[in-house]
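Geometric and topological summary
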Amino acid sequence: GGAYTRFEDLYIAGTRSRLRIAMHSDGGATEYKLTQKLQQPAATQRRITTIYLAEAEHRVFAALPGLRLAKQRHRWPEHGLEFGIDVFEGALAGLLLAEIEAESDEALRAIRPPTLAALEVTDDAAFTGAALAASEPAAVLEYARERLASAQRKKGV
């Protein structure tokens, strides 16, 4: 239950750009965005530039080749913060990722993950949207299972 935002993403081939449609389950206006995320020296830092598009402009970019990914983002309040819980669709169904933004690496590292989190993947580039879109879904899910099993063995679970 609860309101969520459904994202349809296109990672445009040959670029570092993502085309996104954001549809709100509560009836809010659909958003069309073109975003570029440039990696900074620290793995957790990115320079993000977003252009908001009209639907007709979005259709022009949507014709470009690239890799597609769809997910629902649910709000998850915990520890006095609001996490986004991404529930992937299609071949990546079963994969859930929590995300949150912070002002600095220090602030990010100080945030306790939500209790529903079983694994910390902040520093694992395999779980970025572009990497997920480019990877074979079965391989992603197997990798996630292996990482989870390894973490559980370390905890003695």
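As shown above, the structure is provided for reference.
Quick caveat: nothing in here was measured; it's all calculated off a predicted structure. Chains are numbered independently. Their residues run from 1 in the order of the written sequence. Reporting in this predicted model follows two pLDDT cut-offs: at least 70 for local features of residues, and 80 or more for side-chain atom pairs to be given and counted; totals over whole chains, interfaces and linings ignore these cut-offs and use all residues. Excluded from the side-chain calculation are hydrogens and water; included are all heavy atoms of the structure.

1. Re the sheet that holds strand 1 (residues 4-12)
Let me state the cut-off plainly: Here, a strand pair is defined by DSSP locating no fewer than two bridges between the strands. Working definition: helices are DSSP H or I runs of at least four residues, strands are E runs of at least two. Numbering for both runs from the N terminus. An axis is simply a line fitted to the C-alpha atoms; with a helix, the fit covers only the stretch in contact. Between two such axes, the angle follows the N-to-C directions and lies from 0 to 180 degrees.
Strand order in the open sheet made by the 7 strands is 4-3-2-1-5-6-7, with antiparallel pairing throughout. If you trace the sheet from one side to the other, it starts and ends with strand 4 (46-53) and strand 7 (96-99), each paired once. The average angle at which neighbouring strand axes cross in this sheet is 30°, direction not considered. Relative to strand 5 (residues 66-78), strand 1 runs antiparallel, the two being bridged by 9 bridges.

2. Description of the side chain of Asp86
Where we set the bar: Between buried and exposed lies partly exposed: a residue is buried under 20% and exposed over 50% of the maximum accessible area for its type, with that area taken using a 1.4 Å probe on protein chains only. Identification of polar contacts relies on pairs of N or O atoms within 3.5 Å, with a donor-acceptor requirement for protein atoms, meaning one able to donate a hydrogen and the other able to accept it, and with residues adjacent in sequence counted only if both atoms are side-chain atoms. Contacts: residue pairs with any heavy atoms within 4.5 Å of one another.
Here Asp86 lies in strand 6 (residues 81-88). Judged by its relative accessible area of 3%, Asp86 is buried. Polar side-chain contacts of Asp86 include one of 2.6 Å to the side chain of Arg73. The residues touching Asp86, leaving out its near neighbours within four places in the chain, are Lys71, Gln72, Arg73, Leu95, Leu96, Leu97 and Glu99.

3. Points about the pairing of strand 5
In the sheet, strand 5 pairs with strand 6 via 8 bridges, with the strands oriented antiparallel. Directly across from Glu78, in strand 6, lies its bridge partner Leu81. The turn linking strand 5 back onto strand 6 is made up of 2 residues, and His79 within it adopts a positive phi angle of 60°.

4. Some thoughts on the pattern of salt bridges
Worth spelling out the cut-off: A carboxyl oxygen of Asp or Glu within 4 Å of a side-chain nitrogen of Lys or Arg is what we treat as a salt bridge.
Applying the stated rule across the entire model yields 11 salt bridges. Residues Arg6 and Glu89 are paired through a salt bridge, measuring 2.6 Å at the closest nitrogen-oxygen approach. Of the two residues, Arg6 sits in strand 1 while Glu89 sits in the loop between strand 6 and strand 7, which places them 83 residues apart along the sequence. Given the relative accessible area of 24%, Glu89 is considered partly exposed. Of the charged contacts, one joins Arg20 and Asp9 as a salt bridge, the two residues approaching to 2.7 Å between their closest N and O atoms. Taken as a pair, Arg20 in strand 2 (residues 17-24) and Asp9 in strand 1 lie far apart in primary sequence, 11 residues in all.

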